[in-house]
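Here is what each chain is made of, one letter per residue.
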Amino acid sequence: MLALLAAPAIVAPPAAAQPTQVTAAERCQALEGGALADLPSAPTQITRAVLRPATADKPAVCAIEGYVSPVVNFGLLMPAEGWNGRYLVRGCGGSCGVVAVDLACASHVRDGYACLHTDMGHRSTLSDNNWVKDNLSGLVDFGYRATHVTTKAGRAVLRAYYGADPRKSYFFACSTGGRQGLIEAQRFPDDFDGIVAIAPASMAPFGNSKPATISDIDAFNTRPDGRPILPNRKALLLHRAAVRQCDKGDGIVDGIIGKPLQCRFRPAQLLCKNGEEADCLSADQVAVADKLYGWRGAMPGSEFNWIGNFIRNAPLPGEDWQPLFDLGVGRGDPVVIETMIAPNNPDLRPFKARGGKLILVHGWSDFSTMPPPTVDYYETVTRTMGGPQATRDFARLYMIPGMDHCSGGDGAWAVNYMAAITDWVEKNEAPDALRGIKPVPGAPLDYFAVDLPLMDRKFIAFERDHRAWPSDSVAVKSGAAPSAPPAAMPLDQALLAALQHAEQTGTKAGYPRRSTLNLVLKTLWETLYRTNRPADEQRAALAAIPVEPLTPLGREAVARMQAEQTLD
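Residues numbered from 1 in each chain as written. Predicted model: local features only at pLDDT ≥ 70, side-chain atom pairs only at ≥ 80, totals over all residues. Heavy atoms only, no water.

Caption draft 1: Inspection of the nonpolar core at higher detail. Among the nonpolar cores identified, the biggest contains 62 residues, and L31, I64, M78, V157, I195, L348 and L358 are the most heavily contacted of them. The element best represented in this core is helix 3 (residues 136-162), accounting for eleven residues. Counting residues in each nonpolar core, the second largest holds 53 residues, with W295, L495, L517 and L524 among its members. (Core = buried A, V, L, I, M, F, W, Y, C linked by side-chain atoms within 4.5 Å. Buried < 20%, exposed > 50% of the residue type's maximum accessible area, 1.4 Å probe, protein only. Helix = DSSP H or I, 4+ residues; strand = E, 2+ residues; numbered from the N terminus.)

Here it is, written out as structure tokens:
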């Protein structure tokens, strides 16, 4: 068995005399059962180590499972050959609670990275808070400890396996993962050379008071019988009106609001007159829309994302109206939460002094973590760090028009983040702009666009350069020509194709069922919006979608859309 090189050393179980040559499998399996009991602040145990042989589309990897005491589990994938010397830690989303190393890391390992993922110190789904109550140590792990200690543990395992430290270390994630990245820059500036933090989440973003939650929306957009005052159909009406008024703000008409902070659209412009009902808003609906735009900073152009997230979906026949899902419920005392998890410290001097680089990203159409707090944080960093240039030397913010939470949306949301942060760290080539791609429907592209360099340019609908804040995103006037639009198809076929693609996207991304259903419903609404057919044609098309090719989730989505057609 191989003598393991580590400092502190991994203490492995007793073994027979070493052979003269060690196979890749033996080198990996030698790690199993090893301990890093003396690793400062991160006593670690390796519970499993298996060499996975190469397949047609995957390289051979040494797959590690382990934990940092007492309960922070992690997975680590290390290329058996062709390691590029880089160490990548991927963050998680929502409540975390599961080691999803294959989902998070497979594409990166294919590209030569050693890659780690952690459950953040508890077991849960991405969307439950049952682990929070009476679990102060769990909140500490989730808030800041788990990412740091597993990063240390993974680096020690790399040293044992490869006999060398990584040349550079990176962090890349969104939402809770974006928060993890900022926490790392703020509290543990020595952990990473480069950090990509997208849409960083904070459960108490406005200080030690009750944070705004989805439950607040339910309170002001629900009739006594449970129906929403502003139904989903009206969100499409608002979106069309906002885009019509503000699309030209960035100098190009492309269906995207490029400068939402400058958009002066007001819902009162749609107030019904002279007995109108169908294509206008009642006074109550105007009031709700005003509150939605004001709620934590929802931007004009984000209205598609209100569907199912801010506005209740219609129930199936026989069901009662259900309240909106609220991840903030059950998270505990906001004062405690703020102390544990808020990524709000603008003093990044230690991170900058070490040479760290930070790419901060947020989509203007985000519905889960609102864009304004991220802009406010970056501007506070700018003041703290000595002004715009001193900040741009190591940290830049990119606001992406039309991008939803983490990815997706109408905008050019697909960005090669790893290339951008790597060039900045290793070549000192700071990204003045991030080139964003809008893929056509059905393009073979993963959720975080890791596979973007492999995608054929025929799948590009359009491109934009997202320039560093406070500059704007601008259209790219040259490069790949947009793909030809698909031939017109009957509305029922268009709805079926959109449904199946959305469900495949959610499933491949590992979404919980509820989130995949919301994605499918939102996609169906977008299809109805773009085809812009009369209501009776929409109802007929939904009724004509064939049931046979649909999964249970697909059938439920169609039934809920049919129920929506009965609402005003």
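Caption draft 2: Layout of the side chain of D404. Relative to the assigned elements, D404 resides in the loop between strand 10 (395-400) and strand 11 (414-415). A distance of 3.0 Å separates a polar atom in the side chain of D404 from a polar atom in the side chain of K522. In contact with D404, not counting residues within four places along its chain, are N305, G363, S365, D366, G409 and K522. (Polar contact = N/O pair within 3.5 Å; in protein donor to acceptor, adjacent residues only side chain to side chain. Contact = heavy atoms within 4.5 Å.)

Caption draft 3: Focus on the environment of D432. Along the chain, D432 falls in the loop between helix 12 (417-427) and strand 12 (433-439). Expressed as a C-alpha distance, the spacing of D432 and W469, which sit 37 residues apart in the sequence, is 9.5 Å. Excluding residues within four positions of it along the chain, D432 makes contact with R392, R396, Y398, H466, R467 and A468.

Caption draft 4: Representation of the pairing of strand 13 (residues 460-467) in the model. As paired strands, strand 12 and strand 13 are joined by seven bridges and run antiparallel to one another. Note on strand 13: the bridge partner recorded for I437 is E463. Taken together, the three bridges between strand 13 and strand 14 (residues 473-475) define a ladder with antiparallel strand orientation. Counterpart to R464 in the pairing with strand 14 is A475. Taking the residues that link successive antiparallel strands as the turn, the strand 13-strand 14 hairpin has five residues. (Pairing = 2+ DSSP bridges.)

Caption draft 5: Inspection of the packing of helix 3 against helix 4 (residues 176-187) at higher detail. Two elements in contact, helix 3 and helix 4, have axes whose closest approach is 9 Å; the angle formed by their N-to-C orientations is 70°. With respect to helix 4, the axis of helix 3 lies roughly perpendicular. Seen from helix 3, the contacting residues are F142, G143, Y144, T147 and H148; seen from helix 4, they are T176, R179, Q180, I183, E184 and R187. Taken together, the residues of the contact of helix 3 with helix 4 break down into three nonpolar, five polar and three charged. (Axes fitted to C-alpha atoms, helices over the stretch in contact; angles between N-to-C directions. Parallel < 35°, antiparallel > 145°, perpendicular 65-115°, else oblique. Nonpolar A, V, L, I, M, F, W, Y, C, P; charged D, E, K, R; others polar.)

Caption draft 6: Geometry of the sheet that holds strand 9 (residues 357-363). Across the sheet, which stays open at both edges, the ten strands sit in the order 1-2-3-4-6-5-7-8-9-10 with mixed pairing between neighbours. Among the strands making up the open sheet, the edge pair consists of strand 1 (35-36) and strand 10. The pairing of strand 5 (residues 86-90) with strand 6 (residues 114-118) spans three bridges and is classified as parallel. Within strand 6, the residue paired with V89 across the bridge is L116.

Caption draft 7: Geometry of the sheet that holds strand 11. Reading across the sheet, the four strands line up as 11-12-13-14 and stay open at both edges, with antiparallel pairing between neighbours. Every interior strand has two partners, whereas the edge strands, strand 11 and strand 14, have only one.

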